[in-house]
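Residue-level listing of the chains:
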Amino acid sequence: RVHGGRIFANMSSSTTGAQRIEMMIVAAGDKAPLSIRPYVKHIASFVRIALTVWDATYPHLLWAYDKALWAYNQLPEDLVPALLGLLLCFFGGTFAALIAAVEAFRLTGYEQTKASLSILSAEYQVFKKKYEEDEKEDKDGDGVADVQQKSSSELLLHKTKLFLTSVKDPNQISNAITGIFSSCLSVVAVLRVEFAKTVTLGVSIGNYMQNGAEHLVLPFLQRVTPQAYRQWLPTVVSYVCKSIAITIAWYIQKVISAIHSGIRGGLMFSRNVFVYCNKKGYFHLKHEDTNIDEIVGWLLAGLGVYFQIRCGFSLPFPLNLLLIPFTFAEWVIIWMVSDTSIQV
């Protein structure tokens, strides 16, 4: 069971804090080469906006997390895998890459990442305490915090010194960050092996499409495109063909994943429901002694696959809004796995 919980606690920062962080980034950018200073200012503005949005959404995220955790802990233990099986039935193809990434992470990087995050969290709590004390410090006793009276460059140096003196074991932090990075690389490596056939299929389809487009589409584009831009046409045609091909290959993979996860999830649901009902005394029939669990499981698998194909592996309203983070993660993973193939 999952216990306890406010993992997001104490991570928000005030709007004033966001503005000061923006000032420090701008101050650091003032010492950068002239060519990149405008970009640093844009990054600083983006960071400020991100922190402000975080402040606004943080209470709602915490509320949603607490409610989800409460609902999860109310479920009987035998119904938890049943619920997961039901989700696999109806979303296993839609989130094929994300599910594979979670499984790969559990096998290759979970323990290392958990230990690394624990180390970083402990160091963060130490720094956070000193940071909050520093924000309130008023050595001259004029009623205004000292940090609010510093210039941007002075504030940057002051906060940098505060961070450097707060860290007790830099090598431990370095190892923790390296551990998290290594876990991510391991997951990507596993996914690239797992979906190698999908990527290879996409590359093969893309090559055939590109050959056809170079003979049929490229001559037409060269006639209607100004001379100054024609050198870009072969590259654009190549990327478009390979992007379309990768999309087709991933659609085929999603169909395969939907069928596989549908069967797997349907049986998970039916068999765990059987176990739960037997424990509760609703009936006394083990799934090993009957075919009912297979019938129910296969029916659910069929419904799940039909639902996903009917929706084109997209989510209906309002699930498309509620599951935006998962959809974004799915596309990021697909891009990471397929990136090298598009460049071939």
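The structure we're discussing is the one just above.
Residues numbered from 1 in each chain as written. Predicted model: local features only at pLDDT ≥ 70, side-chain atom pairs only at ≥ 80, totals over all residues. Heavy atoms only, no water.

A. A look at the nonpolar core. Judged by nonpolar contacts, the single largest core of 19 residues is most densely connected at Phe95, Leu191, Phe195, Trp250, Ile333 and Val337. Contributions of two or more residues to this core are made by helix H4 (96-108), helix H7 (170-194), helix H8 (196-216), helix H10 (233-280) and helix H13 (324-343). It is H4 that contributes the most residues to this core, 5 residues altogether. If sequence neighbours within four positions are ignored, Trp250 has contacts with Ala97, Phe195, Thr198, Ile334, Val337 and Ser338. Counting 6 residues, the second largest nonpolar core, distinct from the first, contains Met24, Ala27, Ala145 and Val147. (Core = buried A, V, L, I, M, F, W, Y, C linked by side-chain atoms within 4.5 Å. Buried < 20%, exposed > 50% of the residue type's maximum accessible area, 1.4 Å probe, protein only. Helix = DSSP H or I, 4+ residues; strand = E, 2+ residues; numbered from the N terminus. Contact = heavy atoms within 4.5 Å.)

B. Molecular detail of the pattern of salt bridges. Tallied over the full model, the rule gives 7 salt bridges. Between Lys128 and Glu132 there is a salt bridge whose closest N-O contact spans 2.2 Å. Taken as a pair, Lys128 and Glu132 lie in helix H5 (residues 110-136) at a separation of 4 residues, close to a single helical turn. Glu330 is the partner of Lys254 in a salt bridge, and the nearest nitrogen-oxygen pair spans 3.0 Å. Of this pair, Lys254 sits in helix H10 while Glu330 sits in helix H13; the two residues are 76 residues apart in sequence, bridging distant segments of the chain. In this structure Lys254 comes out as buried when scored by relative accessible area, which is 10%. The class for Glu330 is buried, based on a relative accessible area of 3%. By sharing partners, the salt bridges in this structure join Asp134, Glu135 and Lys159 into a single network. (Salt bridge = Lys/Arg side-chain N within 4 Å of Asp/Glu carboxyl O.)

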